[in-house]
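Structural features, examined
The primary structure of each chain is shown beneath.
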Amino acid sequence: MLRIVSVMSRIEVILRTGNSMGVHGGEWRVHASAVDDIEVIVDALTWLGGDDSEVSTQKEKSTLGAPMNIIIAKMTAKQTIISLGKLRRRSIEEILDSGVDSLIDEDKNLHLRLSLETLSRGGAEMSRTKGEMVAKGKFKLEVYPGQSANQVAVGILEGLIGR
């Protein structure tokens, strides 16, 4: 919980100034095998999404028939901004430096992938390694006529690091 305190001041500024109006809501999702420690993943997504986020677990079978779990943390607009504020500054800067175009789909959703290993240890940083387990983030951007989804996403991320 100490990590939250370190980002709360910049999140409070964003919420107070109304810059949080760039998202409708979001979710974090993890696909885990039956041998993964589901409790650790649920705790990590609860921390990332906030205590008030709605965290659920679904048991399913993979395409090959192996048992798997899907853990989802659904968030409101305010919870989404707080969650994104938990990303390490370096990760946000990397996203901005590489451009957000490839992270936004045709339905104006911003997609992020966080390292599940780092998340399980109480950090939030972008995944850099192919093949590693990830928490997939999907955030519905609030885009109005005359705006582009890219502008909205950049505005949110820049606001989180005070650019």
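Residues numbered from 1 in each chain as written. Predicted model: local features only at pLDDT ≥ 70, side-chain atom pairs only at ≥ 80, totals over all residues. Heavy atoms only, no water.

So, the packing of aromatic side chains
Worth spelling out the cut-off: To pair, rings of Phe, Tyr and Trp, with the six-membered ring standing in for Trp, must have centres within 6.5 Å; the planes then decide the type, stacked if under 30 degrees apart, edge-to-face if over 60, and tilted in the middle. Secondary structure follows DSSP: runs of H or I at least 4 residues long count as helices, runs of E at least 2 residues long count as strands, and numbering of each begins at the N terminus. Partly exposed residues are those whose accessible area sits between 20% and 50% of the maximum for their type, while under 20% is buried and over 50% is exposed, using a 1.4 Å probe and protein chains only.
For the structure on display, the rule yields one aromatic pair. Both rings, one in W28 and one in F139, keep their centres 5.0 Å apart while their planes meet at 75°; by these two values the pair is edge-to-face. Pair noted here: W28 is in strand β1 (residues 23-33) and F139 is in strand β5 (residues 134-141), with a separation of 111 residues, a long-range link. Residue classification places F139 among the buried positions, given a relative accessible area of 1%.

Concerning the environment of E94
Rules: Counting of polar contacts relies on pairs of N or O atoms within 3.5 Å, with two restrictions inside protein: one atom must be capable of donating a hydrogen and the other of accepting it, and residues adjacent in sequence are counted only when both atoms are side-chain atoms.
Position of E94 among the secondary structure elements: in helix α4 (residues 89-98). Spatially, the C-alpha atoms of E94 and M126 are 8.6 Å apart, while their sequence positions differ by 32 residues. There is a polar contact of 3.0 Å between the side chain of E94 and the side chain of R128.

Some thoughts on unusual backbone geometry
The phi torsion at K108 lies on the positive side, around 65°, for a residue other than glycine. One can find K108 in the loop between α4 and β4 (109-115).

Re the packing of α4 against helix α6 (residues 149-161)
Quick note on the threshold: With axes taken as lines fitted to C-alpha atoms, and helix axes fitted only over the stretch in contact, angles between N-to-C directions fall between 0 and 180 degrees. Here a crossing is taken to be left-handed if its near helix is turned anticlockwise relative to the far helix by less than a right angle, and right-handed if that turn runs clockwise. Contacts were defined at the residue level, with two residues in contact if any of their heavy atoms lie within 4.5 Å. Gly is put with the polar residues, along with every residue not named as nonpolar or charged; the nonpolar set is Ala, Val, Leu, Ile, Met, Phe, Trp, Tyr, Cys and Pro, and the charged set is Asp, Glu, Lys and Arg.
Orientation of α4 relative to α6, taken along the N-to-C sense of each, is 145°, at an axis distance of 10 Å. Classified by chirality, the crossing of α6 by α4 is left-handed. Across the interface between the two elements, R89, I92, E93, I95 and L96 of α4 pack against V154, L157, E158, L160 and I161 of α6. Residue classes in the contact of α4 with α6 are distributed as seven nonpolar, no polar and three charged.

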